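# Residue-level structure breakdown
Residues per chain, in single letters:
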Amino acid sequence: MAHVGVPRGTARKRRSVALLATGVLTIPVLAGCTSDSEGPASVAVPQDIAPASRDRVTEGSTLTWAIDAVPATLNAFQADADSATTRITGALLPSLFSMDARGEPRLNPNYLESAKVIEQEPKQVVLYKLDQQAVWSDGREIGAPDFVAQWRALSGKDSAFWTARNAGYERIEKIERGKDDLQVRVTFSKPYADWRSLFSPLYPKEVTGSPGTFNDGARTTLKNTAGPFRLRSVSKAEGTVVLDRNPRWWGDEAKLESLVFRAVGPEDRTEALTKGTVDVADIDPSAANSITQAARYRGGNGQPPAHGPGADITPASALRSWALAHGSDEEAAETAQAAREKSREAVAVYAAEQKSLSGFAVRKSLEPAYTQLALNGESGPLSDDRVRRAIARTLDRQELADTVLKPLGLPAKPPGSHLALAGQPAYKDGSGALGDRDTKEAQALLADAGWTVGGAIRKTEDTKAGSEAEKKAAEEKKASGKGGSTADKEKKASEKDGKAEGEKAEKDEKASREEGTYVVGDDKPGERRAGDAEVTAQDKRPGGAAGAYAPAGTAAPAPVSVKDRLGKGGKPLSLRFVLPSGPGSQSLRAVGEKIVAMLDSIGISTQVTKVDDDSYFKDHIASGAYDMALYSWPATAYPATDGRPIFAKPEPATDGSLLVEQNYTRVGSDHIDQLFDRAVSELDANASRDLLKQADARIWAAAGSIPLYQRPQLVAVDKKLANIGAFGFAAPRYEDIGFTGREAAGSPANRKK
């Protein structure tokens, strides 16, 4: 699935982009260390890439790698850059620090001899020492002018540059040449813990030197590159991006002669693998199952195939078919012979498909992304943190993770952090700040918020009919001389209760202000979403219209389902749950169905709406047109930088709207923002991680985002390919990828060109 960017105008300073969590996407993640002194935690699942030494990989050949679509831009710093942009530029441009298998940034020796902070006072200074062989494909040395041009383009000071990512660059004060051309000295105006995130990828000054070349020049071409490959062509008509070996590359020579990225939609990838038009493709569980079945396919030798056409033919039915085809009834024989021929053809076609698929392996790991249940706190019931926490504590996260990961043979431990994944140094399970699953505690939280069983029933006054009502009125009149009427007493009691509640609310509000918590919608307590008070078709039961079989004035019995529903003031607690409807979203919908059942068990109603994948994120998640939704966030080596816009407190704009950055739950607090700001300015790595763990605990407690499971990463790879597959955290080493045989599985995609 593709990365989905934030709509223009809502982002402030960001690096990460959202993933549409459907099927392959995606999304998409996420047991743990508490501090560096306790030792690093291992990753939940290692990468699966069929590693091989370079001497076992043959020279030459072409590899074809499936991508969702030809990228709209090759400029990774623009708003419409996507996962294909990242994958392609990774083979073309310098990345000074690459992610390793544990999700940590590691110095890339192809470009740097060293890079370190050499001064902290009075200002932070980083000195880069470049590899003396590092050159652009036109022969020019990589140097300070490239750093300066990229800093000026991304600093945010010149609005003529259309950028979507500039976090960290705005903290740079100046960039200078060091003692020689191979040294670059970067001085920061404010300390920046994530300085390793900068200049990766690094573009040549010819791209970043002016708004024109930055905005338009690098969208469809990159004339100057500095990776193991160079760009040969981009064809949207053919749906391909073709790379060739870079003859000026100074590192290990690429084993592949060329690398082709071909646009193939997720729904078409099984067919593409079968036809041999691609060698590598991210796939969904359905396609993975097809490949696994193909490995077990057996046909011929007079035995029925294991599956597919002809698998249900028994010896008895085969004998009957033969007898009919060779019988004396010519018409019946002709019909039987035609059916047998059709069956043979279908079996032959299916057998050929299975043979093609059997040449592929499914390499699997956990994708560096987690899928979450997002609870929109802008308005309505979810603007109350007690309701959000109640929903979170109703969920069986283990069951939800099992639903997606267990059938794939992957470990299903629910993630314990919003900011780091298992194996990363910043990881710590902070879910204790919210609490374990406890439906009784969830019901208590809802009751405290005013949502009670039977609260959805509309109450009416003076429902008794005839003389009973008159008798009650007479008794109240008689008692009026003895301390006032019942109504007066009830009114006074109500006023007393209201005063107590008002004092409590004032105290709560004061505590909230001191904490700095801000949930959008607190200033609109009376607002509710359309449909909150509706009784859906499933709540209706036979029994006639109100008052049909009772004296006039008698209220109709509430539907049984409404009696069991949570409600407040005659309004049921009903939430809009938006899910994608595309063919790659089956696992999300399965998880959604289980969430609906879990919430139903405590009386919370849901209105499930399934929408097109194309509009799911833009028209619903980003715009806030949902109560609950499922989507994913990618992992990062720089959580202090990348986590900030995802969990930042929304800010009011001058036009009255909200600037939410990437915080699509609209739930945030001043305290969380402050912890992020301190972490990103803390140059002591351990101290910065401790601040991030504190921030994560606050995010759990706010219950706007509930991580459910780490997304599976399934990749179909030709069995003869090495050093490629499910990479997990790590960045690919493109120069090491290749075939261990002269040709791959006989498929036309891989024949040497």
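The rules we used
- Residues numbered from 1 in each chain as written.
- Predicted model: local features only at pLDDT ≥ 70, side-chain atom pairs only at ≥ 80, totals over all residues.
- Heavy atoms only, no water.
- Pairing = 2+ DSSP bridges.
- Helix = DSSP H or I, 4+ residues; strand = E, 2+ residues; numbered from the N terminus.
- Salt bridge = Lys/Arg side-chain N within 4 Å of Asp/Glu carboxyl O.
- Buried < 20%, exposed > 50% of the residue type's maximum accessible area, 1.4 Å probe, protein only.
- Core = buried A, V, L, I, M, F, W, Y, C linked by side-chain atoms within 4.5 Å.
- 1 Å grid on protein atoms, 1.4 Å probe; cavity = no way out; pocket = protein on both sides within 12 Å on 5 of 7 lines; lining within 4 Å.
- Points joined across faces, edges and corners; volume = space filled by probe spheres on them.
- Nonpolar A, V, L, I, M, F, W, Y, C, P; charged D, E, K, R; others polar.
- Phe/Tyr/Trp six-rings, centres within 6.5 Å; stacked < 30°, edge-to-face > 60°.
- Expected span 1.5 Å × (residues − 1).
- Contact = heavy atoms within 4.5 Å.
- Polar contact = N/O pair within 3.5 Å; in protein donor to acceptor, adjacent residues only side chain to side chain.
- Axes fitted to C-alpha atoms, helices over the stretch in contact; angles between N-to-C directions.
- pLDDT = per-residue confidence, 0-100.

Across six bridges, the pairing between strand β10 (residues 229-235) and strand β11 (residues 240-245) is antiparallel. Opposite L231, over in β11, you have L243 as the bridge partner. Counting the residues in the hairpin turn of β10 and β11 gives four residues, including G239, whose phi is positive at 70°.

With that settled, consider the pattern of salt bridges. Under the definition given, this model contains 33 salt bridges. Residue R140 pairs with E206 through a salt bridge whose shortest N-O separation is 3.2 Å. Here R140 is found in the loop between β7 (125-130) and α2 (144-154), whereas its partner E206 is found in helix α3 (residues 205-208), with 66 residues between them in sequence. For E206, a relative accessible area of 36% puts it in the partly exposed group. Note that R389 and D385 form a salt bridge whose closest N and O atoms lie 3.2 Å from each other.

A separate point is the nonpolar core. Ranked by internal contacts, the top residues of the largest apolar core, which has 158 residues, are Y128, F199 and L373. Sort the elements by how many residues they give to this core and strand β25 (residues 705-718) lands first, with seven residues.

Space left empty within the atom packing is revealed by a probe, the size of a water molecule, rolled over the atoms. As a volume, the largest cavity reaches approximately 130 Å³. When contributions to the lining of the largest cavity are tallied by element, the ones reaching two or more residues are β21 (628-634), α17 (639-642) and α18 (644-647). Tallied by class, residues from the lining of the largest cavity come to 10 nonpolar, five polar and one charged.

All told, the structure shown has 20 aromatic pairs when counted by the stated rule. Ring plane angle 65° and centroid distance 6.4 Å describe the contact between Y631 and Y664, whose orientation is recorded as edge-to-face. Taken as a pair, Y631 in strand β21 and Y664 in the loop between β23 (658-659) and β24 (667-669) lie far apart in primary sequence, 33 residues in all. Taking relative accessible area as the criterion, Y631 reaches 1% and is therefore assigned buried. Assessed through its relative accessible area of 1%, Y664 is described here as buried. Judged by centre distance (6.2 Å) and plane angle (10°), the ring pair of W633 and Y664 falls under stacked.

Taking 1.5 Å of rise per residue, the 18 residues of helix α20 (residues 685-702) would be expected to cover 26 Å, and the 26 Å separating its terminal C-alpha atoms lies within 8% of that figure. Of the surrounding elements, those touching the buried residues of α20 are α10 (397-405), α17, α18, α19 (670-680) and β25. Where α20 ends, the next residue or the one after it, A703, has phi of about 55°, a positive value.

Right, let's talk about the side chain of R644 for a bit. Locating R644 in the fold gives a position in helix α18. Separated by 3.0 Å, the side chains of R644 and D677 make a polar contact.

On to the sheet that holds strand β9 (residues 183-188). Ordered in space as β6-β7-β9-β8, the four strands form an open sheet in which the pairing is antiparallel. Looking at strand neighbours, the two that pair on one side only are β6 (112-119) and β8 (172-177), the edges of this open sheet. This sheet shows a mean twist of 15° between the axes of neighbouring strands, independent of strand direction. In this structure, β8 lies alongside β9, joined through five bridges in antiparallel fashion. Counted as the bridge partner of I172 is F188 from β9. Taken strand by strand, α2 contacts β7, β8 and β9, and its axis lies near 160° from that of β8.

The next thing to look at is the pairing of strand β12 (residues 258-263). Pairing of strand β3 (residues 62-67) with β12, which is carried by six bridges, proceeds in the parallel orientation. Within β12, the position partnered with W65 by the bridge is F261.

This brings us to the confidence of the model for the chain. For the chain, per-residue confidence averages 82 on the pLDDT scale, and residues scoring 70 or more make up 74% of the total. Every residue in residues 462-467 scores below 50 in pLDDT, and together they form five contacts with partners more than four places removed in sequence or on other chains. With pLDDT under 50 throughout, residues 482-487 is counted as low confidence; its partners more than four residues away or in other chains account for seven contacts.

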